[in-house]
Amino acid sequence: SGSSGRWIVSLADGSVLEAAHLVVASGLHARPVLPPSADAFRPSFHGQILHSSQVRGLEQLAMQQVVLVGMGNSAVDVAMALLDRGAPQVTMSVRSRPPVFRRQWGPLSVEVVSKAALQHLPALLGDVAGDLFTSLLYGPGWWKGHFPSGLKSWSPYQARRVPVIDKWAGSRKGGGFVDMIKSGRIRVVGPLVEARGGEVVAECDGGQCAVP
């Protein structure tokens, strides 16, 4: 409403709601999309192939060997949830090394820092500042020895993509997402090559490796 500055929402049943704030939360990815390799693997793979939106019963999955394809925030959420439910290890298959930002940096949150960087800094300088904070928090080159060598990396501000947000760092008993990679609880391999029986094969340093 122009006069009151509040939202007037008319619903399909004829009712009307008035609110100070309106949140559109239908999601960016309403239609689950599986990579082409998923269909190619189905005939020879004896396990389940699920999109993250189809994941149910995490307690049951935690007792199985799970390979997550990709390292977006949804995949990271599932990986950490599986570890919290007793999974000894979770494997993540990636084609590139994503940037990882800690959710909270002392009194600063990633939302505040990102907003300031986007409003006041060129994309290149925003990425440089992000890399600096990440190096201070996790250590320079923290990913070396934990990710397959030769993977391409990307920068969030220049690529205009959402980085991985480590929202567990500093608040979760046992450590955050990066801590789980460093400890080996989360194993990172390269792209999947094939699936056979009850295991998949991925690209790893030195060639290919089987992921049971």
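As shown above, the structure is provided for reference.
Not measured: the values here are computed from a predicted model.

Participant: Can you break down the state of the cysteines residue by residue, with the values?
Facilitator: For the structure shown, the criterion picks out one disulfide. At a sulfur-sulfur separation of 1.7 Å, the disulfide partner of Cys-204 is Cys-209.

Participant: Which residues make up the sheet that holds strand E11 (residues 186–189), and what are the values?
Facilitator: The parallel open sheet is built from three strands, whose spatial order is E3-E4-E11. The sheet is open, and its two edges are formed by strand E3 (67–69) and E11, each paired on a single side. Going from strand to strand, the sheet's axes swing by 25° on average, the running direction of each strand aside. Where strand E4 (residues 90–93) and E11 come together, four bridges link them in parallel fashion. Residue Ser-93 lies in a different strand from E11, and its bridge partner there is Val-189. Those strands touched by helix H3 (residues 73–84) are E3, E4 and E11, and its axis lies near 165° from that of E4.

Participant: Tell me about the sheet that holds strand E12 (residues 192–196), and please be specific about residues and values.
Facilitator: Spatial strand order, E12-E13-E14: three strands in an open sheet with antiparallel pairing. Each edge of the sheet is formed by a strand with only one pairing partner; in this case those strands are E12 and strand E14 (207–211). Within this sheet the neighbouring strands show an average axis-to-axis angle of 25°, counted without direction.

Participant: Before we move on, can you summarise the pairing of E12 with the specific residues and values?
Facilitator: Here E12 pairs with strand E13 (residues 199–204) via four bridges, running antiparallel. Its bridge partner being in E13, Ala-195 is matched across the sheet by Val-200. As consecutive antiparallel partners, E12 and E13 are separated by two residues, and within that stretch Gly-197 has a phi angle of approximately 60°, a positive value.

Participant: Can you explain H3? Please cite residues and give values.
Facilitator: An ideal rise of 1.5 Å per residue puts 16 Å on 12 residues; H3 measures up with 16 Å between its terminal C-alpha atoms. Regarding H3, the residues found buried are Ala-75, Val-76, Val-78, Ala-79, Met-80, Ala-81, Leu-82 and Leu-83. Where H3 is buried, its residues meet helix H2 (58–62), E3, E4, strand E10 (164–166), helix H7 (177–183) and E11. Phi for Gly-86, located one or two positions after H3, is positive at around 105°.

Participant: Let's hear about the nonpolar core: which residues, and what values?
Facilitator: If you look at the biggest cluster of nonpolar residues, it comprises 33 residues, and the most contacted ones within it are Met-71, Leu-82, Met-92, Phe-177 and Ile-186. Listing elements by their share of this core, those giving two or more residues are H2, H3, E4, H7 and E11. The dominant element in this core, judged by the number of residues it contributes, is H3, at eight residues. The next biggest cluster of nonpolar side chains, apart from the first, holds 10 residues, and it includes Phe-41, Leu-192, Ala-202 and Cys-209.

Basis of the calculations
Residues numbered from 1 in each chain as written. Predicted model: local features only at pLDDT ≥ 70, side-chain atom pairs only at ≥ 80, totals over all residues. Heavy atoms only, no water. Disulfide = S-S within 2.5 Å. Pairing = 2+ DSSP bridges. Helix = DSSP H or I, 4+ residues; strand = E, 2+ residues; numbered from the N terminus. Axes fitted to C-alpha atoms, helices over the stretch in contact; angles between N-to-C directions. Contact = heavy atoms within 4.5 Å. Expected span 1.5 Å × (residues − 1). Buried < 20%, exposed > 50% of the residue type's maximum accessible area, 1.4 Å probe, protein only. Core = buried A, V, L, I, M, F, W, Y, C linked by side-chain atoms within 4.5 Å.

All we've got here are geometric facts, nothing functional implied.
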